[in-house]
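Report on the structure
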Amino acid sequence: MIKKIFNFILVEDNEDDILFFKTALNDIGINTKIEIYNNGEKAIDALNSLDKLNLPNLIFIDINLPCKNGIEILKEMKESKYIPVIMLTSSDSEKDIKRCYEMGADLYVKKPNDISEYRIILKQIIEHFLIST
Amino acid sequence: MPLLKNNINSNEVIERTIKRLKAIEDISSVCSDLFTSDLNTFSEKVLKPFCELTKADFGLVFLLKKPNDLINLIATYGFPKEFSDTYNNKLQLNLDSDDVTDNWPTLRAMAKKKIVLIKDTDNSNVGFTKYFKDSIYPKTIKSVAAVPIIINNLPVGSITKYYTQLHTFDDEEISFMKTTANIITSTIERNQLLEETKKSETKLSKVIEELVEVNKELDSFVYIASHDLREPLRTIESFISILNDKANSKFSPEEKEYFLRIIKATHKMRRLIEDLASLSRASREAIDEENNTLDLKIILMEVQFELTAFIESKNAKIIYPDEMPKVKGSREKITSIFKNLISNGLKFNKSNTPTIKISIDEKNSTESKVCICFEDNGIGIKKEYHERIFNLFQRLHSQDEYEGTGAGLAIVKKVLEKYNCNIWIESKEDEGSKFFITLPRAL
């Protein structure tokens, strides 16, 4: 059905969350390549070194990260390139949600703790941002 | 002319009385200033009118500064400056020594707890000359009067005056001396009392400070605990959901049972942590964050709507007046209080038609606070638990009987405390309960 390989970047430092994300994404059965960075500096450097053709299709960023937090990373990424950014966090603070959208986030998702829910969310995100366009 | 003589006499008496009263007034006013001056200054100020009124040449005040201590010379009158500088606060005597009490009228008065009057030192058996005349201040002393200062039947000091000429002490003068001693006594007593009060006040405020600090620590502990426990719990929940999704079908019936227990325990932990987090929010958030005027009737309608399924399943009734007052506060918090109290009344209820009657309790309402009563026909609560039900995670029943973590009322109480408001209960076992809360009235 979908033959194309999608490139994702995931900025996340929690090993458990990385495995959970990968498992859910893998379950959907879409061909994806995920680059994982456990801090913002590395992710931004990597993004800046990529040429136009190899840019990722989607970026997922956790908010609670060491050094630069996810919102700062979001801001810097949005300043340089247009790639849909999905904030993926365990916080549901109104302040964070507002701040993320102000900084140009394309979506704010509270990390589900149920695998089937995660699959549905990821599937919808991919369909909305990548397949429909 | 006896009449004239009488007249002169009575004029003299009046004049003397006025002087005496003036001296007492002076002494009293000095006493009321004691709090701002030290004991030495105070004694000097009292000693002066004490000696001047009856034209004494010298005066001394001795005081015990601490119980069981030595007697200190703390004030002098009429002595040269060198004398005061040399002996004030330095001359210390021991009341227990016979030698001292025999030779010093002032200490004799203390030891005997009686006024000592020496009209003529040459004919006195108090061996007075030995110290005073020869070694301390070489002047010939003819007459001496020493009054003890007594507190709780214990001599704590004395006030003494000395004459270089022979002096006769009349009743009036003796009564004046006694009055002076009494004023000193009550002043010292008052001073001691004040010091004690100050000490306990200091102690109390220190204890309060410590309590506030401990409370803060507890609040931040609750915050950290609830916040940091969420993270690993979320991980557990995530991987349980993977196991459930991918492996549950392969589990044996026994394994399924174990797995179910893990899931149940995780759910319980989630509820506890969320309750802990709400409690922490209630104690950390400032109440002025949200200060809306809220119509309690609308809040009640909303809560009733939210609880529709629960109310219908219990065949319950919620009754409240058509008119409800307006209060001030956060919509979310006041709503959660109402929801909590109403669902408690329904939950702990075995009646066929559980009923919650909400009313305004005028008796406990004030100008600034509205008191609301939640009356139910539920199982009631024994008096011994009336305080404990507001403790965190306090439950009175097993999970099988009634579900819940036991945090609800603790959170309600915490929120109300933030508004300077109260919650209390009137209830007997099997006779239903009345929960009363006060809320800030919207003016």
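Here, the structure is the one placed above.
Everything numeric here is computed off the predicted structure, so don't read it as measured data.

Section: the nonpolar core
All names here are of chain B. Within the largest apolar cluster, 42 residues are counted, with the highest numbers of intra-cluster contacts made by Phe338, Ile342, Ile358, Phe435 and Ile437. Elements represented by at least two residues in this core include exactly helix H8 (253-284), helix H9 (296-306), helix H11 (331-347), strand S10 (355-360), strand S11 (369-376), helix H12 (408-418), strand S12 (423-427) and strand S13 (433-440). The contacts of Phe338, once residues within four sequence positions are left out, are Leu296, Ile299, Leu300, Val303, Ile372, Phe374, Ile437 and Leu439.

A look at a negative patch on the surface
A contiguous patch of negative charge on the surface is contributed by Glu209(B), Glu210(B), Glu213(B) and Glu217(B). By the secondary structure assignment, Glu217(B) is in helix H7 (residues 171-246).

Points about the pattern of salt bridges
All names here are of chain B. For the structure on display, the rule yields 25 salt bridges over all chains. Glu173 is paired through a salt bridge with Lys161; the nearest N and O atoms lie 2.6 Å apart. Note that Glu173 is positioned in helix H7 and Lys161 in strand S6 (residues 154-163), a separation of 12 residues in sequence. For Lys339, the salt bridge goes to Glu306, with nearest N and O atoms at 2.8 Å.

Some thoughts on the packing of H8(B) against H12(B)
Between two packed helices, what matters for the description is the angle formed by their axes and the separation of those axes. Residue and element names in this part refer to chain B. Running from amino to carboxyl end, H8 crosses H12 at an angle of 10°, the nearest separation of the two axes being 8 Å. It follows that H8 is roughly parallel to H12 by the angle criterion. For the pair H8 and H12, contact is made by Asp275, Ser278, Leu279, Ala282, Ser283 and Arg284 and by Ala410, Ile411, Lys414, Val415 and Lys418, respectively. Of the residues belonging to the contact of H8 with H12, the class tally is 5 nonpolar, 2 polar and 4 charged.

Re the interface of chain A and chain B
Each side of the interface is counted separately: chain A has 14 residues, and chain B has 11 residues. Counting the surface lost from both chain A and chain B, the interface buries some 1,000 Å², and carbon and sulfur atoms represent 49% of this. Remark: the boundary between chain A and chain B carries 6 residue pairs in polar contact (both at pLDDT 80 or more). Among the elements of the structure, helix H1 (15-28) and helix H5 (115-131) of chain A are those that each provide at least two residues to the side of chain A that touches chain B. In terms of residues, the side of chain A that touches chain B owes the most to one element, H1(A), which gives 6 residues. Split into classes, the residues belonging to the side of chain A that touches chain B amount to 4 nonpolar, 4 polar and 6 charged.

Things to note about the side chain of Thr106(B)
Residue and element names in this part refer to chain B. Mapping Thr106 onto the fold places it in helix H5 (residues 105-112). One polar contact links Thr106 to Thr160, side chain to side chain, over a distance of 2.7 Å. Residue contacts for Thr106: discarding those within four places in its chain leaves Phe62, Ala146, Ser158, Thr160 and Tyr162.

What counts, and where the lines are drawn
- Residues numbered from 1 in each chain as written.
- Chains lettered and ligands numbered in written order.
- Predicted model: local features only at pLDDT ≥ 70, side-chain atom pairs only at ≥ 80, totals over all residues.
- Heavy atoms only, no water.
- Core = buried A, V, L, I, M, F, W, Y, C linked by side-chain atoms within 4.5 Å.
- Buried < 20%, exposed > 50% of the residue type's maximum accessible area, 1.4 Å probe, protein only.
- Helix = DSSP H or I, 4+ residues; strand = E, 2+ residues; numbered from the N terminus.
- Contact = heavy atoms within 4.5 Å.
- Patch = residues over 30% accessible without salt bridge, like charges linked within 9 Å, V, L, I, M, F, W, Y side chains within 5 Å.
- Areas by Shrake-Rupley, 256 points an atom, 1.4 Å probe, with all protein chains shown as cover.
- Salt bridge = Lys/Arg side-chain N within 4 Å of Asp/Glu carboxyl O.
- Lys, Arg positive; Asp, Glu negative; His and termini not counted.
- Charge placed at Lys NZ, Arg CZ, Asp CG, Glu CD.
- Axes fitted to C-alpha atoms, helices over the stretch in contact; angles between N-to-C directions.
- Parallel < 35°, antiparallel > 145°, perpendicular 65-115°, else oblique.
- Nonpolar A, V, L, I, M, F, W, Y, C, P; charged D, E, K, R; others polar.
- Buried area = accessible area lost by both parts, 1.4 Å probe.
- Polar contact = N/O pair within 3.5 Å; in protein donor to acceptor, adjacent residues only side chain to side chain.

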